[in-house]
Amino acid sequence: MILLILAFILFIGLIVVHEFGHFIVARRNGVEVEEFGIFFPPTLWRKKMKGGYDFTINALPLGGFVKLKGEHDSDTQKGSFGAAKLPAKIKIMLAGVGMNLLAAYLLFALVAVAGMPKLVENQFTVARDTKVIRQQLLIGYVEKDSPAEKAGLRVRDEIVAIGPLGETDPVESANNLPNLTRRFAGQNVQLTFSRSGQMRAANLKLRTTQEVDAAKNTDNPKGYLGISPAEFVLRRSTWSAPIVAAGLIKQFTILTLRGLWGVVSNLFHGQAQQASEQVSGPVGIFVILKDGSLLGYQFILVILAVISLTLAIMNALPIPALDGGRLFVTLLSRTMKRPLKPVTEEWIHGTGLIVLLGLFVLITIVDVRRFF
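Residues numbered from 1 in each chain as written. Predicted model: local features only at pLDDT ≥ 70, side-chain atom pairs only at ≥ 80, totals over all residues. Heavy atoms only, no water.

Q: Honestly, the pattern of salt bridges in this entry has me stumped. Any pointers?
A: Side chains that differ in sign of charge can pair as their charged atoms come close. For the coordinates displayed, the defined rule picks out 8 salt bridges. A salt bridge links K69 to E32; the shortest N-O distance between them is 3.8 Å. Here K69, found in the loop between strand 2 (54-68) and helix 2 (86-114), pairs with E32, found in the loop between helix 1 (2-28) and strand 1 (33-48); they are 37 residues apart in sequence, far enough to count as distant. Given a relative accessible area of 14%, K69 falls into the buried group. Via salt bridges that share partners, R46, K48 and D54 belong to a single interconnected network. (Salt bridge = Lys/Arg side-chain N within 4 Å of Asp/Glu carboxyl O. Helix = DSSP H or I, 4+ residues; strand = E, 2+ residues; numbered from the N terminus. Buried < 20%, exposed > 50% of the residue type's maximum accessible area, 1.4 Å probe, protein only.)

So this is what it looks like as structure tokens:
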């Protein structure tokens with residue numbers, strides 16, 4: 001519970017870091033800040049700060065915002081965003097992206113020293129400066145009515161050994177488990193596992209080879225034990241931690257862009273449901289952080305690093321209502337050599353915000369069905 005609370009505070013911290021980038025760069029470039037908001041309105045709490053701006057906490061957990069004086073590109077009043085020179089505008093709009101990139105880099109470097117969880121295959125690391133400090137084989141999923149469920153096994157139990165009573169063999173990896181269960185198919189076995197740090201044993205009968213083979217070509221294939229294993233590995237780096245951090249940022253950026261392309265492709269083909277299932281909103285993030293808190297602080301920190309990197313990527317893309325979209329519109333008006341009318345800017349970003357809110361609602365519904 002303590003790790004979960006800490007994770008939630010750090011998650012809000014990522015939003016604060018992003019908006020602080022806009023805030024500090026705007027003020028350093030002579031642009032007045034009217035409001036610093038955590039989450040999106042409606043407003044739940046408001047306080048006037050010494051700097052003359054309002055600090056607000058709002059109801060919709062979609063991110064945050066910094067409201068600047070005269071945000072329309074056609075505004076010319078002193079101290080307004082519109083009156084700032086183009087280089088200053090670019091720096092202000094990209095400051096949040098830069099802060100999230102910096103936060104992601106520092107978190108990745110910190111976790112590399114403390115112990116980096118393996119999240120994807122071929123995850124970047126420097127082999128000669130990498131040491132495995134923890135390796136567990138956990139249960140990621142328990143099939144309904146399976147031998148595992150009947151024996152009382154649960155998700156996140158750590159599998160230690162399996163075999164006939166008194167002759168159990170250690171389970172060393174996810175690849176090793178199927179070989180063992182196949183060897184003891186149809187037999188009564190003892191499964192040694194750890195739950196919350198306590199060693200336990202369960203007696204169960206594995207499915208027969210005939211049962212498993214008969215289910216292979218159906219819509220409901222079955223295994224001998226009836227679980228999906230998940231390896232949890234921590235790898236520590238020392239002098240190479242800064243290199244590992246940079247390599248992970250590159251690797252996860254590529255993976256994120258590929259994932260976003262998949263979402264866009266599904267939306268383009270009218271498959272909104274499938275697109276929403278490829279991403280997670282606040283509900284999904286909460287569940288991931290809650291489950292991750294049971295694996296230790298390293299998992300929490302690396303997930304927060306990935307979230308920070310994702311915030312940077314999303315805000316760098318030309319999506320209306322987000323930083324990249326605002327920058328794109330500003331550069332477009334410069335290309336046209338005339339500022340857009342305020343009503344045009346509001347229509348562009350307002351439409352983008354409505355679309356984002358619609359996706360937020362859809363993703364939230366999918367997350368609730370998925371996790372509850």
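We are not done yet, so read on.
Q: Explanation requested: the environment of K118 in the structure shown.
A: With respect to the secondary-structure elements, K118 resides in the loop between strand 3 (116-117) and strand 4 (131-142). With 114 residues separating them in the primary sequence, K118 and F232 have C-alpha atoms 6.9 Å apart. Leaving out residues up to four positions away in the same chain, K118 has contacts with Q123, V233 and R235. (Contact = heavy atoms within 4.5 Å.)

Q: So what exactly am I meant to see when it comes to helix 2 here?
A: For an α-helix, 3.6 residues make a turn, and residues three or four places apart therefore share a direction. Helix length check: helix 2, at 29 residues, gives a terminal C-alpha distance of 42 Å against a target of 42 Å (1.5 Å per residue), a fit within 8%. Maximum bend of helix 2: about 40°, positioned at L94. (Expected span 1.5 Å × (residues − 1). Bend = angle between axes of the 7 residues up to and from the residue.)

Q: Could you clarify how one ought to interpret the nonpolar core in this entry?
A: Taken as a class, soluble globular proteins show a tendency for nonpolar side chains to be buried jointly. Of all hydrophobic cores here, the largest spans 51 residues; its most connected members are V31, V33, L68, F108, M116 and L304. Every element with two or more residues in this core is listed here: helix 1, strand 1, strand 2, helix 2, strand 9 (227-236), helix 6 (241-268) and helix 9 (297-316). The dominant element in this core, judged by the number of residues it contributes, is helix 9, at 11 residues. If we skip the residues at most four places from it in the chain, V33 touches F23, A26, R27, Y53, V66, K67 and L68. Judged by nonpolar contacts, the second largest core, of 22 residues, contains I162, V171, F184 and Y224. (Core = buried A, V, L, I, M, F, W, Y, C linked by side-chain atoms within 4.5 Å.)

Q: Would you explain the packing of aromatic side chains in this entry?
A: What characterises a pair of aromatic rings is the spacing of the ring centres plus the angle enclosed by the ring planes. Following the criterion strictly, the structure yields 8 aromatic pairs and no others. Both rings, one in W45 and one in F55, keep their centres 6.1 Å apart while their planes meet at 75°; by these two values the pair is edge-to-face. Of this pair, W45 sits in strand 1 while F55 sits in strand 2, placing them 10 residues apart in sequence. Residue W45 is classed as partly exposed on the basis of its relative accessible area of 42%. Of note, K89 hangs over the ring of F81, and the distance from its end group to the ring centre comes to 5.5 Å. (Phe/Tyr/Trp six-rings, centres within 6.5 Å; stacked < 30°, edge-to-face > 60°. Lys NZ or Arg CZ within 6 Å of the ring centre and 35° of its normal.)

Q: Help me understand the confidence of the model for the protein in this model?
A: Low pLDDT means the predicted coordinates in that region are not meant to be read closely. Looking at the protein, the pLDDT average stands at 84 and 85% of residues meet or exceed 70. The lowest-confidence element of the protein is helix 7 (residues 272-277), averaging 48 in pLDDT; the highest-confidence one is helix 2, averaging 95. (pLDDT = per-residue confidence, 0-100.)

Q: Looking at this structure, how should I read the environment of T181?
A: Looking at the element boundaries, T181 is found in helix 4 (residues 176-183). Beyond its immediate sequence surroundings of up to four residues, T181 is in contact with I162, L206, Y224 and L225.

Q: In this structure, what is going on with the packing of helix 1 against helix 2? I would like to understand it.
A: Between two packed helices, the angle of one axis relative to the other and the distance separating the axes together describe the packing. In the contact formed by helix 1 and helix 2, the axes pass within 7 Å of each other and the chain directions differ by 140°. The angle between the axes of helix 1 and helix 2 places the two elements in the oblique class. Of the two elements, helix 1 crosses helix 2, and the hand of that crossing is right-handed. Between helix 1 and helix 2, the contacting residues are L14, V17, H18, F20, G21, H22, V25 and A26 on the first element and K91, I92, M93, A95, G96, V97, M99, N100 and A103 on the second. Tallied by class, residues from the contact of helix 1 with helix 2 come to 11 nonpolar, 5 polar and 1 charged. (Axes fitted to C-alpha atoms, helices over the stretch in contact; angles between N-to-C directions. Parallel < 35°, antiparallel > 145°, perpendicular 65-115°, else oblique. Left-handed = near helix turned anticlockwise from the far one by under 90°. Nonpolar A, V, L, I, M, F, W, Y, C, P; charged D, E, K, R; others polar.)

Q: Explanation requested: unusual backbone geometry in the structure shown.
A: Generally, phi is negative for residues other than glycine and the peptide bonds are trans, each holding for most cases. For the bond running from P41 to P42, omega is 20°, close enough to zero to count as cis. Along the chain, the position of P42 falls in strand 1. For R156, which is not a glycine, the phi torsion comes out positive at approximately 80°. Note on placement: R156 falls in the loop between helix 3 (147-150) and strand 5 (158-163). Judged by relative accessible area, R156 falls into the partly exposed class, the value being 34%.

Q: Mind showing me how you'd approach the packing of helix 2 against helix 9 here?
A: Relative to each other, helix 2 and helix 9 sit at 155°, their axes nearing to 8 Å. Viewed along their axes, helix 2 and helix 9 adopt a mutual orientation that is roughly antiparallel. In terms of crossing hand, the pair formed by helix 2 and helix 9 is left-handed. A breakdown of the residues in the contact of helix 2 with helix 9 according to their chemical character gives 19 nonpolar, 4 polar and no charged.

Q: I tried to follow the side chain of H22 on my own but got confused; where do I start?
A: Tracing the sequence through the fold places H22 in helix 1. For H22, the side chain forms a polar contact with the main-chain oxygen of I92, separated by 2.7 Å. In this structure H22 touches V66, I92, M93, A95, G96 and D323, once residues within four positions along its chain are discounted. (Polar contact = N/O pair within 3.5 Å; in protein donor to acceptor, adjacent residues only side chain to side chain.)

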